[in-house]
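Structure at a glance
Listed here are the chains, written in short residue letters.
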Amino acid sequence: TEVLVVGATGHLGRMVVDELVARGASVRALVRSHKASSFEGRERVRGLVGELGDASSLVRALEGAESVVSCLQGGPDVIVEGQLKLLEMARRAGARRFIPSDYSFDLFALSEGANPNSDWRRAFARQAGSAAGDTQVVHVLNGCFLDMGVLFGFLGAFDLREGTMALWGDGTAPMDFTTYRATARSPALAPTESDVPERF
């Protein structure tokens, strides 16, 4: 299995590359020029210099790729426009699956305006239907990251310095938590399994 990972040098992206290799996949890691040597010497991993905004480098990276895993982060210009462009090019290249950079709680159950990051990802999902063609789009909905930088960081669920915690809603809503390492297994499963649901 040939898999292109975009955003491969990020924290989650590197773990996804590791999990794909562990499952026997051959990985193409799209990297920026200043990170060209990031995967040198790695068995079954080939670093390809390119940019999301550079169509010619994407065409080269996508040639022969069976699936594309996006680990991109950013605003709507990346999550919506950038990933839609990548999906369209993946479809034209004949990729059978595209895994967008969701990696979140069930963002489809959240109301519009409650979380801008989720709004962008739903906007991508709405438009992906017409862009995907025969390419299956698989949304990985793993729950909130338990890692220190997230649950104890920007989400503000726990403030260890103040000794407080925050609740969403009325405090009775169930919440799912996971880790980056556990999350990385799902986008590695999606390209390598024969039958995968559109949301898991």
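Residues numbered from 1 in each chain as written. Predicted model: local features only at pLDDT ≥ 70, side-chain atom pairs only at ≥ 80, totals over all residues. Heavy atoms only, no water.

**A short note on the overall build of the chain**
Stated precisely, the cut-off is as follows: Strands here mean DSSP runs of E at least two residues long; helices mean DSSP runs of H or I at least four residues long; both are numbered from the N terminus. Each residue's exposure class comes from its accessible area (1.4 Å probe, protein chains only) as a fraction of the maximum for that residue type: buried when under 20%, exposed when over 50%, partly exposed otherwise. By definition in these notes, contact holds between two residues if any of their heavy atoms fall within 4.5 Å. Using a 1.4 Å probe, accessible areas were evaluated by the Shrake-Rupley method; residue-level cover was limited to the displayed protein chains. By the counting rule applied here, Lys and Arg register as positive and Asp and Glu as negative, while His and the ends of each chain are not counted. By convention, charge coordinates are those of NZ in Lys, CZ in Arg, CG in Asp, or CD in Glu.
Each helix and strand counted, the chain has six helices and ten strands in total. Along the three orthogonal principal directions, the C-alpha set of the chain runs to about 50 × 40 × 30 Å. A buried classification covers 46% of the 200 residues belonging to the chain. Within the chain, contacts between residues at least 6 apart in sequence are counted, and of these 67% link residues at least 24 apart. Accessible area of the chain: about 10100 Å², with a carbon and sulfur share of 50%. With 21 positive and 25 negative side-chain charges, the chain shows a spacing of 5 Å between the two charge centroids.

**Quick look at the pattern of salt bridges**
Counted only if it meets this: Put simply, a salt bridge is a Lys or Arg side-chain nitrogen that is within 4 Å of an Asp or Glu carboxyl oxygen.
Tallied over the full model, the rule gives eight salt bridges. Here Glu 193 ties to Arg 23 by a salt bridge, and the two come within 2.5 Å at their closest N and O atoms. Highlighted residues: Glu 193 in the segment after α6 (180-192) and Arg 23 in the loop between α1 (11-22) and β2 (26-31), separated in sequence by 170 residues. Overall, Glu 193 belongs to the partly exposed group, its relative accessible area being 34%. Classification of Arg 23 by relative accessible area gives partly exposed; the value is 38%. Across the pair Glu 51 and Arg 32 runs a salt bridge, and its minimum N-O distance is 3.4 Å. Here the residue Glu 51 occupies a position in the loop between β3 (45-49) and α2 (55-62), and Arg 32 occupies one in the loop between β2 and β3, the gap between them amounting to 19 residues. Here the salt bridges share partners, and the residues they tie into one network are Asp 18, Arg 42 and Arg 181.

**Notes on the packing of α1 against α6**
Note the following rule: For helices, the axis comes from a line fit to the C-alpha atoms of the stretch in contact; other axes are also lines fit to C-alpha atoms, and the angle between any two N-to-C directions lies between 0 and 180 degrees. In this scheme, roughly parallel covers angles under 35 degrees and roughly antiparallel covers those over 145, while 65 to 115 is roughly perpendicular and the rest are oblique. Handedness of each helix crossing follows the sense of rotation of the near helix against the far helix: counterclockwise by less than a right angle gives left-handed, clockwise gives right-handed. Three classes are used: nonpolar for Ala, Val, Leu, Ile, Met, Phe, Trp, Tyr, Cys and Pro, charged for Asp, Glu, Lys and Arg, and polar for all others, with Gly counted as polar.
For the pair α1 and α6, the least separation of the axes is 8 Å and the interaxial angle reads 50°. As summarised for this structure, α1 and α6 are arranged oblique, according to the angle between their axes. Classified by chirality, the crossing of α6 by α1 is right-handed. Together, His 11, Leu 12, Met 15, Val 16, Asp 18, Glu 19 and Leu 20 of α1 and Tyr 180, Arg 181, Thr 183, Ala 184, Arg 185, Pro 187, Ala 188, Pro 191 and Thr 192 of α6 make up the contact between the two elements. For the contact of α1 with α6, a count of residues per class yields nine nonpolar, three polar and four charged.

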